[in-house]
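One letter stands for each residue in the lines below.
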Amino acid sequence: MPALDGKRIALLVTNYGVEEAELADPRQAVEDAGGDPVIVAVEDSPVQTLVGDKDPGRTFTPDALVGKVSADEFDALIIPGGTINADKLRLEEDGIDLVAAFIDAGKPVAAICHGPWALVETGQLAEKTLTSYPSLQTDIINAGADWVDESVHVDDVGGWTLVTSRTPDDMADFTRELVRVFGEAGSSAEAGE
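Residues numbered from 1 in each chain as written. Predicted model: local features only at pLDDT ≥ 70, side-chain atom pairs only at ≥ 80, totals over all residues. Heavy atoms only, no water.

S.K.: So what exactly am I meant to see when it comes to the overall build of the protein chain here?
M.R.: Helix and strand counts for the protein chain stand at 6 helices and 12 strands. Over its C-alpha atoms the protein chain spans a radius of gyration of 15 Å, differing by no more than 12% from the 16 Å that the globule rule assigns to 193 residues. Principal axes of the C-alpha set define a box for the protein chain whose edges measure 40 × 35 × 30 Å. Looking at the protein chain as a whole, 52% of its 193 residues qualify as buried. In the protein chain, 68% of the contacts between residues at least 6 apart in sequence involve partners at least 24 apart. Accessible surface computed for the protein chain: about 8,200 Å², of which carbon and sulfur atoms make up 45%. Separation of charge centres in the protein chain, based on 13 positive and 37 negative side chains, amounts to 2 Å. (Helix = DSSP H or I, 4+ residues; strand = E, 2+ residues; numbered from the N terminus. Rg over C-alpha atoms; globule rule 2.2 N^0.38 Å. Buried < 20%, exposed > 50% of the residue type's maximum accessible area, 1.4 Å probe, protein only. Contact = heavy atoms within 4.5 Å. Areas by Shrake-Rupley, 256 points an atom, 1.4 Å probe, with all protein chains shown as cover. Lys, Arg positive; Asp, Glu negative; His and termini not counted. Charge placed at Lys NZ, Arg CZ, Asp CG, Glu CD.)

Set out below in structure tokens:
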């Protein structure tokens with residue numbers, strides 16, 4: 001049985017500025033592992049990715065809208081980066097509320113590059129250890145967490161598991177660990193939903 005067989009995994013993005021590889025690669029990894037990747041966007045319009053924060057990448061069609069879904073519908077959450085995407089997402093109240101709901105439910109979360117900005121906004125990073133794009137180090141420390149310079153870091157302090165990576169260069173480690181962690185977590189169906 002594939003690692004993520006029957007699991008629905010949300011990928012939370014705004015509609016402009018997500019780093020292409022940070023959306024496309026985890027989405028493909030979830031699909032390859034038998035899961036159901038669901039792109040949850042802020043608006044009902046195409047998601048325009050960027051490559052290197054500047055060059056247009058592929059566009060993706062959202063599968064769901066932030067204000068219309070709840071954490072109860074998913075088994076885990078992926079927060080891709082991209083500087084513009086991550087900066088816009090941290091200002092989206094519904095998006096931050098959704099992230100917080102995953103944390104409150106004890107469901108695993110994976111975030112890469114600038115994606116951890118959304119975690120900072122939840123106010124629930126105290127005592128966690130994570131990595132990110134290096135420029136987020138001060139924000140993460142100010143949020144009460146420890147920052148490490150590693151290709152991937154898995155932290156299960158505080159009743160929820162967090163998988164983080166620094167940049168698209170760490171993608172193989174990031175996708176490997178998120179598939180493993182998500183696969184080991186209980187599913188919504190097992191929880192009687």
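S.K.: Quick question: what am I supposed to make of the pattern of salt bridges here?
M.R.: Side-chain pairs of opposite charge can arise whenever the charged atoms involved come near each other. Under the definition given, this model contains 11 salt bridges. One salt bridge in this structure joins Lys-54 and Asp-55, with 3.4 Å as the shortest N-O distance. Lys-54 gets classed as exposed once you look at its relative accessible area, which sits at 60%. Through salt bridges with shared partners, a single ionic network connects Asp-173, Arg-176, Glu-177, Arg-180 and Glu-184. (Salt bridge = Lys/Arg side-chain N within 4 Å of Asp/Glu carboxyl O.)

S.K.: What is the right way to read the sheet that holds strand β7 (residues 76-79) from this model?
M.R.: Within a sheet, neighbouring strands are paired by backbone hydrogen bonds and run either parallel or antiparallel to one another. Sheet architecture is open: 7 strands sit in the order β6-β3-β1-β7-β8-β12-β11, paired in mixed fashion. The open sheet has two edge strands, β6 (64-65) and β11 (152-155), and neither has a second partner. The sheet contact formed by strand β3 (residues 36-41) and β6 spans 2 bridges and is parallel. From the neighbouring strand, Ala-41 faces β6, where its bridge partner is Leu-65. The sheet contacts of helix α1 (residues 20-32) involve β1 (8-13), β3, β7 and β8 (109-112), and relative to β3 the element is tilted by about 150 degrees. (Pairing = 2+ DSSP bridges. Axes fitted to C-alpha atoms, helices over the stretch in contact; angles between N-to-C directions.)

S.K.: I keep staring at the environment of Val-120 and nothing clicks. Help me out?
M.R.: Relative to the helices and strands, Val-120 is located in helix α4 (residues 116-122). Relative accessible area serves as the criterion here: at 17%, Val-120 is assigned to the buried category. When the C-alpha atoms of Val-120 and Ala-24 are compared, they prove to be 24 Å apart, with 96 residues separating the residues in sequence. Those residues in contact with Val-120, other than ones at most four positions away along the chain, are Leu-125, Asp-139, Ile-140 and Ala-143.

S.K.: Can you walk me through the sheet that holds strand β4 (residues 47-51) in this structure?
M.R.: The sheet built from 3 strands is open, its strands ordered β2-β4-β5 with mixed pairing. Since the sheet does not close on itself, it has two edges, and those belong to β2 (16-19) and β5 (55-60), each with one partner. Pairs of neighbouring strands in the sheet enclose a mean axial angle of 45 degrees, with direction left out of account. Note: β4 against β5, 4 bridges, orientation antiparallel. Bridging across to β5, Gln-48 finds its partner in Thr-59.

S.K.: Hey, could you run me through unusual backbone geometry in this one?
M.R.: Most peptide bonds adopt trans geometry, and most residues besides glycine take a negative phi value. Phi is positive for Asp-53, close to 65 degrees, though the residue is something other than glycine. Turning to its location among the elements, Asp-53 is positioned in the loop between β4 and β5. Asp-53 gets classed as partly exposed once you look at its relative accessible area, which sits at 29%. One non-glycine residue with positive phi stands out, namely Cys-113, at about 65 degrees. Tracing the sequence through the fold places Cys-113 in the loop between β8 and α4. A relative accessible area of 6% places Cys-113 in the buried class.

S.K.: What is the right way to look at the side chain of Ser-165 in this model?
M.R.: Note on placement: Ser-165 falls in strand β12 (residues 162-165). Classification of Ser-165 by relative accessible area gives buried; the value is 0%. Among residues more than four places away in sequence, those in contact with Ser-165 are Ala-111, Ile-112, Cys-113, Thr-131, Ser-132, Ser-151, Val-152, Asp-170 and Phe-174.

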